[in-house]
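Structural overview for review
Given next are the chains, with one letter for each unit.
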Amino acid sequence: DAEGRAQDMLVVGMGKLGGAELNASSDIDLVFVYDEAGETKPLGEFEKARRSISNHEFFDKLARRVIASINDLDGTGFVFRVDMRLRPFGDSGPLVVSSAMLEEYLYSEGRDWERFAWLKGRVVNRAVFMQEDDFSQAVRNLESLVRPFVFRKYVDFSAISALARIHEMIRAETTRREAGRDTGINVKLGSGGIREIEFICQTFQIIRGGREPTLRGRSTPPMLAELARLGSLPQETADRLTEDYIFLRNLEHALQYVDDKQTQTMPTD
């Protein structure tokens, strides 16, 4: 950075990875962030390096290697399919962004659905170049940057209309994909499926999370329990949603075990 201290790339796990709720055949959604602009400095075994490159160029090269090591098929298969579309500006955006670039994007371009996406965002790597204390501080800084975008200080009822629009889009896309095909029941995106339970939970979190720090968790069952404790949901409703969520997630795992396929569709037979 500007003061000559080492930086690391922060690997943010989004979605199911961020919530520690991966499927048997998940892809993982990642966002790569580094703290600030600057240049590399030749040290240690690389002290004879002839030229520096920008931090952005370095972390872009690193990100591409990280993706390849996880996503590319080799003799023993692959680790996870990697999806980078949740990063700022999606496929058209840079592969890595600085904290300043991320902050500017979220507050000038961030869309309603990205609030739900970043609700589950979690740094999933450890320090490499940085001291542990510096790395922990960088993680806290990133969380402080994202938190006001996801959780507003006031009770945020605009989240309800945002959810309704997102819900309509997902329902329409699911209907379009399955039109004319008797493929069975989509346990994730179909009516009464996993995504609807998650959205019920996340909508309450976004409405009240600005005032209630205990509602800023990333995993669905614990947050349903907390919503019941705070009186946002009747205990009976929270219990039923949790029971159904666990049943549907286990069913989703089972469907994916059959052919090691990334599917959420229960066949009609």
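This text follows the structure it describes.
The text that follows walks through the structure, step by step, so that each part is easy to find.

1. Considerations on the pattern of salt bridges
Counted according to the given criterion, the structure contains 14 salt bridges. Lysine 16 serves as the salt-bridge partner of glutamate 198, at 2.9 Å between the closest nitrogen and oxygen. Highlighted residues: glutamate 198 in helix α7 (residues 194–208) and lysine 16 in helix α1 (residues 15–18), separated in sequence by 182 residues. Notably, a salt bridge pairs glutamate 21 with lysine 120, separated by 3.1 Å at the nearest N-O pair. Here the residue glutamate 21 occupies a position in the loop between α1 and β2 (27–34), and lysine 120 occupies one in the loop between α4 (112–119) and β5 (122–123), the gap between them amounting to 99 residues. Exposure class is identical for glutamate 21 and lysine 120. Each is buried. Overlapping salt bridges bring together Asp1, Glu3 and Arg5 as one network.

2. Focus: the packing of aromatic side chains
For the structure shown, the criterion picks out 6 aromatic pairs. Considering the side-chain rings of phenylalanine 58 and phenylalanine 59, the 5.3 Å spacing of their centres and the 80 degrees angle between planes classify their relative orientation as edge-to-face. Assessed through its relative accessible area of 28%, phenylalanine 58 is described here as partly exposed. Of the residues examined, phenylalanine 59 reaches a relative accessible area of 3% and is grouped as buried. Among the aromatic side chains, those forming a connected cluster through ring pairs are Tyr34, Phe58, Phe59 and Phe129. Seen from the ring of phenylalanine 151, arginine 216 lies directly overhead, with NZ or CZ sitting 5.8 Å from the centre.

3. Regarding the packing of α4 against helix α5 (residues 132–150)
For the pair α4 and α5, the least separation of the axes is 9 Å and the interaxial angle reads 135 degrees. Overall, the two elements α4 and α5 adopt an arrangement that is oblique. Every pair of crossing elements has a handedness; the one defined by α4 and α5 is left-handed. For the pair α4 and α5, contact is made by Glu114, Arg115, Trp118 and Leu119 and by Val146, Phe149 and Val150, respectively. Classifying every residue of the contact of α4 with α5 gives 5 nonpolar, no polar and 2 charged.

4. Re helix α9 (residues 235–259)
Between its first and last C-alpha, α9 extends 38 Å over 25 residues, near the 36 Å set by a 1.5 Å rise per residue. Among the residues of α9, Ala238, Leu241, Thr242, Tyr245, Leu248, Arg249, Leu251, Glu252, His253, Leu255 and Gln256 are the ones counted as buried. In the segment just after α9, aspartate 260 is the residue with positive phi, at about 50 degrees.

5. Focus: the side chain of glutamate 198
A residue is classified by how much of its surface remains accessible, and glutamate 198, at 4% relative accessible area, is buried. Contacts of glutamate 198, omitting those with residues within four sequence positions, involve Lys16, Glu21, Thr220 and Tyr245.

6. Regarding α5
In a regular helix each residue adds 1.5 Å, so 19 residues correspond to 27 Å; α5 covers 27 Å between its end C-alpha atoms and thus fits that length. Along α5, the residues that are buried comprise Phe135, Ala138, Val139, Leu142, Leu145, Val146, Phe149 and Val150. Projected down its long axis, α5 carries its buried residues within an arc of 135 degrees, all on one side.

7. A word on a nonpolar patch on the surface
Taken together, the side chains of Val155, Phe157 and Ile160 present a nonpolar region at the surface, about 280 Å² in accessible area. Following the sequence through the fold, isoleucine 160 ends up in helix α6 (residues 158–178).

8. With respect to the packing of α4 against α7
Look at α4 against α7: their axes get within 11 Å of each other, and the N-to-C directions meet at 95 degrees. Relative to α7, the element α4 is oriented roughly perpendicular. For the pair α4 and α7, the contacting residues are Arg115, Phe116 and Leu119 in the first and Phe199, Gln202, Thr203, Gln205 and Ile206 in the second. Each residue belonging to the contact of α4 with α7 can be placed in one class, and the counts come to 4 nonpolar, 3 polar and 1 charged.

9. As for the environment of aspartate 72
Of note, aspartate 72 is situated in the loop between α2 (55–71) and β3 (81–83). Classification of aspartate 72 by relative accessible area gives partly exposed; the value is 42%. Note: C-alpha distance between aspartate 72 and arginine 216 (144 residues apart in sequence) is 34 Å. Look past the residues within four positions of aspartate 72 in its chain and what remains in contact with it is Ile67, Gly77 and Phe78.

10. A short note on unusual backbone geometry
Peptide bonds are mostly trans, and most non-glycine residues show a negative phi. Despite not being glycine, alanine 20 shows a phi value in the positive range, around 55 degrees. Structurally, the position occupied by alanine 20 is in the loop between α1 and β2. In the Ramachandran plot, phenylalanine 89 falls in the positive-phi region, its phi being about 70 degrees despite a non-glycine side chain. Within the secondary structure, phenylalanine 89 is located in the loop between β3 and β4 (96–98).

Cut-off values and rules
Residues numbered from 1 in each chain as written. Predicted model: local features only at pLDDT ≥ 70, side-chain atom pairs only at ≥ 80, totals over all residues. Heavy atoms only, no water. Salt bridge = Lys/Arg side-chain N within 4 Å of Asp/Glu carboxyl O. Helix = DSSP H or I, 4+ residues; strand = E, 2+ residues; numbered from the N terminus. Buried < 20%, exposed > 50% of the residue type's maximum accessible area, 1.4 Å probe, protein only. Phe/Tyr/Trp six-rings, centres within 6.5 Å; stacked < 30°, edge-to-face > 60°. Lys NZ or Arg CZ within 6 Å of the ring centre and 35° of its normal. Axes fitted to C-alpha atoms, helices over the stretch in contact; angles between N-to-C directions. Parallel < 35°, antiparallel > 145°, perpendicular 65-115°, else oblique. Left-handed = near helix turned anticlockwise from the far one by under 90°. Contact = heavy atoms within 4.5 Å. Nonpolar A, V, L, I, M, F, W, Y, C, P; charged D, E, K, R; others polar. Expected span 1.5 Å × (residues − 1). Arc of directions from axis to C-beta. Patch = residues over 30% accessible without salt bridge, like charges linked within 9 Å, V, L, I, M, F, W, Y side chains within 5 Å. Areas by Shrake-Rupley, 256 points an atom, 1.4 Å probe, with all protein chains shown as cover.

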